[in-house]
Amino acid sequence: MFPALIHTSTHLKGGIFGVPRFHKRESQFSIRTPWKFSFQPAYVDMYGLLRRRKILSHEKGFRYRNMASQNMEKLESNVAIIDYSQDVPLSTSYEVAMEALSSLIRQKKRGDRKGIGGKYGKLDRMRIYLKILDLEDHMAGLKIIHVAGTKGKGSTCTFCEAMLRESGFRTGLFTSPHLIDVRERFRINGVDISEDKFLLYFWNCWNRLKEHETEDLPMPPLFQFLTVLAFKIFVCEQVDVSIIEVGLGGRNDSTNVIEEPVVCGITSLGMDHTEALGNTIGQIASHKAGIFKHQIPAFTVPQVSEAMDVLQENAQELTVPLKVVEPLDSNELNGLKLSLSGSHQLSNAGLAVSLCKCWLQRTGNWEKLFQNDNKEANLPEAFLRGLSKAHIAGRAQIVPDLSSTSSSCISSEVAETSGNLIFYLDGAHSPESMEVCAEWFSSAVKENNPSPSLVSFSSHDIESINKVPGNGYMQHEKFNIQEINKISKKILLFNCMDVRDPQILLPRLVSTCASSGTFFSKAIFVPSISTYNKVTSGTSVVPSDISSKDLSWQFSLQRLWEKIVHGIDTDSLLEKSIKMDGAETLPRHQFLYEDASNCSPTDGYLACSAVIPSLPLTIKWLRHCVRENPSLRLQVLVTGSLHLVGDVLKLIRR
């Protein structure tokens, strides 16, 4: 038995937010008023929660269990406490939910355009799903900020959430994809939704949609299900504002069932997902502009002329007041740094500021909160706090590997290796984002060189670094910077999906880094653990069988790398067997110290790049290298795929 808090449908008769807030926040504004409640049926469908429903899993014979033995008790605060027991432990039940989610994936891999059948189009289905879940009448109350774009939409949404949360609002943030756990997509007040609440809302939606499943109305595919689940969560959690990131495109995206957003935003546009959105920047812009709604204000950043013309044309058709926002001036930050690193984040931050200001004005809260601030000139203190605290994993993120650190004992081995293996994580996978990633990495390794070596630190410091890795900025106050003749090696750890074009991505990465004087000593190509047709959690078992891995894609990436960097034609190189195991899968001992002159293609050996068939094996090998060589520092850029970045984060945090 374990409790979960579910907010019933109550209405606040006063105050500026219009809904009750179930969080506490220290604020300079006195905005609270006594609560007056109107007791009405709960948003959470109690009938669905009280029923027991058994659903057979596809392969493993699991039985999906609805929350059972639920006893509700009304409290004076009008918060219902649900005590429920399950037929399986929470962790097991969560894995069953992941199996259920995985069953909704229709594509074998990214880029497949397999339809799901039925007589309804995607957005028509979405509207029906919302109706089934009794969400139709509550959508406008979510007071949505809707954001589309090619680059930076996740960062822009994250900045918006942080600024409005710091302003005293209860926030809901829906983004994609997740890196480690699907719950990352649903954040309430800046925190991933808890496992027990996720299960409660998940099974409620699953069972009700399953009840209405027909040949004409099949269960929604994965992203459509996650989208309606986000709306369900935010309605039930009674957020003050919902920040919704578009999944793919805009016009035909599942999130475009939103009919009355408060404001819309379009981030920087570029060539990505061309298989679905078109082969020109104008076609892509047309898809993104599809989120515009009649007379609803919209903001965008400076775009290339072809894209801007399309955005403005779509805005005029809908009489949308579209404003172009310049990047934020760093002088406006009053000496603070953006929490997300890279010069491109000034553009995302500028857009986020405009979106938040517009949201506050249109909801009648700007004057009440910031009446003494000049809304055109100065950033409110709450905005500055949000911009300096926003966090998003896997984008320009630096994580020192402290795997061998014990919170109870600091060994000599730890003192030697801590800080000597540093991962620079960025899920760039388009030409434009790869260039931004290269600029960030080049800047970051220079800023952090000499890299901090943890000679003395407390268990509290270690715990803090493990839990709150900085987005692009090492927390220098945690480190005692005393470099003694370290040999620094910059390593590329790369993979990308086969729908991407590595012949564009890798040259862009190499040339941009080289223009800043940054060169990679070695490159390692490795398959990701995560697969496109499987949803896993942070505790899911990592596959150990690598004997059946098809490494042909990784070998093609290696051949391309050698051609770009060293001009070596390896087309005639005898590839190693795809089915490799044991020590043969690892580069030899001298690998990290050899230069290109030691390459011997005729012998089947390349000195400056390697294919390793397993990511866990790769991480283990990197850790072994720095342990065996105390004078060695490895700065590893992980990029090309968000799947790869998420897998690395999962492994180094275990």
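Residues numbered from 1 in each chain as written. Predicted model: local features only at pLDDT ≥ 70, side-chain atom pairs only at ≥ 80, totals over all residues. Heavy atoms only, no water.

The chain appears in an unreviewed UniProt entry as Folylpolyglutamate synthase from Populus euphratica. Regarding the chain, the relevant UniProt record gives this comment under Pathway (unreviewed entry): "Cofactor biosynthesis; tetrahydrofolylpolyglutamate biosynthesis." Check the Cofactor (unreviewed entry) section of the UniProt entry for the chain; it says "a monovalent cation". (UniProt positions renumbered as here; feature names shortened; annotations may be inferred.)

Engineer: Even after reading the chapter, I still don't get the sheet that holds strand β17 (residues 522-525), so can you show me in this structure?
Structural biologist: Hydrogen bonds between backbone atoms are what pair the strands of a sheet, whose relative direction is either parallel or antiparallel. Read from one edge to the other, the open sheet built from 6 strands follows the order β14-β15-β19-β16-β17-β18, with strand pairing classed as mixed. On the outer flanks of this sheet lie β14 (397-400) and β18 (609-611), each paired with one strand and no other. Each adjacent strand pair in this sheet contributes to an overall mean axis angle of 20 degrees, direction not counted. Across 8 bridges, the pairing between strand β16 (residues 487-494) and strand β19 (residues 632-639) is parallel. Bridge pairing in β19 links Leu 493 to Val 638. Contacting β14, β15 (421-425), β16 and β19, helix α19 (residues 642-652) runs over the sheet at an angle of about 145 degrees to β15. (Pairing = 2+ DSSP bridges. Helix = DSSP H or I, 4+ residues; strand = E, 2+ residues; numbered from the N terminus. Axes fitted to C-alpha atoms, helices over the stretch in contact; angles between N-to-C directions. Contact = heavy atoms within 4.5 Å.)

Engineer: When you look at the environment of Ser 511 in this model, what are you seeing that I'm missing?
Structural biologist: Here Ser 511 shows up in helix α16 (residues 502-515). For the pair formed by Ser 511 and Ile 564, sequence separation is 53 residues and the distance between their alpha carbons is 9.6 Å. A distance of 3.3 Å separates the side chain of Ser 511 from the backbone oxygen of Arg 508, its partner in a polar contact. (Polar contact = N/O pair within 3.5 Å; in protein donor to acceptor, adjacent residues only side chain to side chain.)

Engineer: How should helix α14 (residues 431-447) be read in this particular structure?
Structural biologist: Between its first and last C-alpha atoms α14 spans 24 Å; for 17 residues at 1.5 Å apiece the expected length is 24 Å, and the two agree. Judged by how many residues are buried, α14 sits mostly within the fold: 12 of 17 residues are covered. Turning to α14, its buried residues are Pro 431, Glu 432, Ser 433, Met 434, Val 436, Cys 437, Ala 438, Trp 440, Phe 441, Ser 442, Ala 444 and Val 445. (Expected span 1.5 Å × (residues − 1). Buried < 20%, exposed > 50% of the residue type's maximum accessible area, 1.4 Å probe, protein only.)

Engineer: Any chance you could explain α16 here in plain terms?
Structural biologist: Every α-helix winds through 3.6 residues per turn, so residues three or four apart in the chain are directed the same way. Between the first and last C-alpha of α16 there are 19 Å, a value that for 14 residues agrees with the 20 Å anticipated at 1.5 Å per step. For α16, the complete set of buried residues consists of Pro 502, Leu 505, Leu 506, Leu 509, Val 510, Thr 512 and Cys 513.

Engineer: Even after reading the chapter, I still don't get the pairing of β17, so can you show me in this structure?
Structural biologist: Each regular strand shows side chains that alternate between the opposite faces of the sheet. Residues Lys 522 and Ile 524 line one face of β17 and the alternating positions Ala 523 and Phe 525 line the opposite face, and both faces are buried. Here β16 pairs with β17 via 4 bridges, running parallel. Counted as the bridge partner of Ile 491 is Lys 522 from β17. Taking the sense of rotation as the criterion, the β-α-β connection linking β16, α16 and β17 turns out right-handed. With 3 bridges joining them, β17 and β18 adopt parallel strand pairing. The partner of Ile 524 across the bridge, within β18, is Ala 610. (Right-handed = clockwise from strand over helix to strand, strands pointing away.)

Engineer: Sorry if this is basic, but what is going on with a negative patch on the surface here?
Structural biologist: Taken together, Glu 306, Asp 309, Glu 313 and Glu 317 make up a surface patch of like negative charges. Residue class for Asp 309 comes out partly exposed when judged on its relative accessible area of 47%. (Patch = residues over 30% accessible without salt bridge, like charges linked within 9 Å, V, L, I, M, F, W, Y side chains within 5 Å. Areas by Shrake-Rupley, 256 points an atom, 1.4 Å probe, with all protein chains shown as cover. Salt bridge = Lys/Arg side-chain N within 4 Å of Asp/Glu carboxyl O. Lys, Arg positive; Asp, Glu negative; His and termini not counted. Charge placed at Lys NZ, Arg CZ, Asp CG, Glu CD.)

Engineer: For this particular structure, what's the right way to read the packing of aromatic side chains?
Structural biologist: By convention here, two paired aromatic rings are described through the distance between centres and the angle between planes. Under the definition given, this model contains 21 aromatic pairs. Between the aromatic rings of Phe 174 and Phe 186, the centroid separation amounts to 5.7 Å while the plane-to-plane angle is 25 degrees, which identifies the pairing as stacked. Taken together, the positions of Phe 174 in strand β7 (residues 171-174) and Phe 186 in strand β8 (residues 186-188) put the pair 12 residues apart, joining distant regions of the chain. A relative accessible area of 0% means that Phe 186 is categorised as buried. The side chain of Lys 522 reaches across the aromatic face of Phe 591, ending 5.0 Å from its centre. (Phe/Tyr/Trp six-rings, centres within 6.5 Å; stacked < 30°, edge-to-face > 60°. Lys NZ or Arg CZ within 6 Å of the ring centre and 35° of its normal.)

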